[in-house]
Amino acid sequence: MKRINIILLGGTKDSTELIKHLKNNYNTHILTTTTTEYGSKLALEAGSDDTISRPLLKDEIIGIINNSDFDLLIDATHPFAEHITQTSVSVSKICSIAYVRFERPPLDFSDIDTSHIIYAKSFENAGEIIAEQIPEGNVLHFAGANTMEEVLKNVSKDRFYPRILKVQKSLEKCEKLGIENDHIIAMKGAASLKENMDLIEEYDASVMITKESGEIGGVVEKIEAANQKDISLIMIKRPIIKELNKKDIVSNLEEFDRKLEKIFGKN
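These numbers come from a predicted model, not from an experiment.

Trainee: A description of the nonpolar core should follow, citing residues and the corresponding values.
Mentor: Among the nonpolar cores identified, the biggest contains 23 residues, and Ile 130, Val 139, Phe 160, Ile 179, Ile 209, Ile 234 and Ile 236 are the most heavily contacted of them. Counting only elements with at least two residues in this core, the list comes to α5 (123-133), α6 (148-151), β8 (160-164), β10 (205-211) and β11 (232-236). The element best represented in this core is α5, accounting for 4 residues. In this structure Ile 234 touches Ile 118, Ala 120, Ala 126, Ile 129, Ile 130, Ile 134, Val 207, Met 208, Ile 209 and Thr 210, once residues within four positions along its chain are discounted. By size, the runner-up hydrophobic cluster in this structure holds 19 residues, among which are Ile 185, Val 219, Ile 223 and Leu 233.

Structure, rendered in C-alpha cells:
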C-alpha cells in the first residue's frame, strides 16, 4: 500500500489510539486537528506528524484538503461533537475524499443497574429536570466545559460543580459564567469508581450529569457511584446524526482495518 496522507479530526482518547495504530501498521502521514493545545500535545505524543490546535471552520478544512495531497479524512471526534461530524461528512463530499467515522460503540446497559439514571434530551433539559425534580443538594457536572451554559439556564451556579480540564479556555468559560474557583474540580482523565464516590461525598452532591459517551468515557464508574451513593445520574442521550452513512462508521480497530482495505486495497 502506498503512503496514505490523512487528515484526522481528533481530540479524543479514541483518536490517539487510532494514530498509534496507523503509525504502527501503515505507511502514513497524519495531520491531526484538535480544538485545544492539550489535544494537540497528546496527538503528537501518539505519533501524529503535524497538528492544528484550534477549532477550524468548514471552509478552512476544505482549503487544507484542497491545497494538499490528502487521501483520507477520518472523523474521530467525540460522539457528542455533532456539528463537527456533520461538517466532516459535508466536507468529504465537497472535496471527494475518502471518509471514515471512527466512533466508540454505545454502552451496553444489559448488565448494568440503571435505576438511578434519568435520561435527558439535551443539557438544557438536564437543567430543567434538576430544577423540577432535584431542588436540593449540589450538582456534579461531568460533561465538559462547553455544555455548562445550557445547564445553568435552570440551575443556580451556587450549587454547580463542574469537573473540567484546567486549561485556559475552560477556565475562561467558568469565569464568564460566574463559577467560582472553589467550585471547579480539576480533571485528569476518567475518574475511578472510588474517585467518583469521594467527589459525591466531598461536594454533598444529589445529582451528577454525564453524557452517554461509551465505556471509554468512564460512564460505568459514574453509574455505579450514583447507585452506591443513592443519588440521581442525569444522562444525555447520544445524538443521532442523520447526515452520517452507517457504512462509513467503524467502532473498533478491526473494523477500521477492513474499511481501509476496501478503500485502498491490502496493506
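Back to the text.
Trainee: Can you lay out the pairing of β8 for me, pointing to particular residues and giving the numbers?
Mentor: Burial of β8 is extensive: 5 of the 5 residues sit out of reach of the surface. Residues of β8 alternate between two faces, with Phe 160, Pro 162 and Ile 164 on one and Tyr 161 and Arg 163 on the opposite face, all of them buried. When strand β7 (residues 138-141) meets β8, the two strands line up parallel, connected through 3 bridges. Bridging from a neighbouring strand, His 141 pairs with Pro 162 of β8. Bridge count for β8 against strand β9 (residues 185-186) is 2 bridges, and the pairing is parallel. The residue of β9 that forms the bridge with Arg 163 is Ile 185.

Trainee: Describe in detail helix α1 (residues 13-25), supporting the description with residues and values.
Mentor: Given 3.6 residues to a turn, an α-helix orients residues that are three or four positions apart in the same direction. Counted at 1.5 Å a residue, the expected span for α1 with its 13 residues is 18 Å, and the 19 Å between its end C-alpha atoms agrees. Among all positions in α1, only Asp 14, Ser 15, Thr 16, Leu 18, Ile 19, His 21 and Leu 22 are buried. Contact partners of the buried residues in α1: β1 (4-9), β2 (28-34), α2 (37-46), β4 (72-75), β5 (98-102) and α10 (253-264).

Trainee: Pulling in residues and values, what's your account of the packing of aromatic side chains?
Mentor: Under the counting rule described, the total for this entry stands at 2 aromatic pairs. With 6.2 Å between their ring centres and 75 degrees between their planes, Phe 102 and Phe 256 make a pair best called edge-to-face. Here the residue Phe 102 occupies a position in strand β5, and Phe 256 occupies one in helix α10, the gap between them amounting to 154 residues. Overall, the relative accessible area of 0% leaves Phe 256 in the buried class. Ring centres of Tyr 161 and Tyr 203 lie 4.9 Å apart, and the angle between their planes is 45 degrees; on these two criteria the pair is classed as tilted.

Cut-off values and rules
- Along every chain, residues carry numbers that run from 1 in the direction the sequence is written.
- Only residues with pLDDT of at least 70 get local features here, since the model is predicted, and only at 80 or more are side-chain atom pairs given and counted; chain-wide, interface and lining totals rely on the full set of residues.
- Side-chain measures were taken over the full set of non-hydrogen atoms in the model, leaving aside hydrogen atoms and water.
- In these notes, a set of buried Ala, Val, Leu, Ile, Met, Phe, Trp, Tyr and Cys residues joined through side-chain atoms within 4.5 Å is what counts as a nonpolar core.
- Categorising residues by exposure relies on relative accessible area from a 1.4 Å probe, with only protein chains included: less than 20% of the type maximum marks a residue as buried, more than 50% marks it as exposed, and the intermediate range marks it as partly exposed.
- Runs of H or I in DSSP of at least four residues are treated as helices and runs of E of at least two as strands, each being numbered from the N terminus.
- In this description, contact between two residues means that some pair of their heavy atoms is separated by no more than 4.5 Å.
- Paired strands, in this sense, are two strands between which DSSP finds at least two bridges.
- Expected helix span is given by 1.5 Å per residue-to-residue step, counting one fewer step than there are residues.
- Aromatic pairing here means that ring centres of Phe, Tyr or Trp (its six-membered ring) are within 6.5 Å. Orientation follows from the plane angle: under 30 degrees is stacked, over 60 is edge-to-face, and everything else is tilted.

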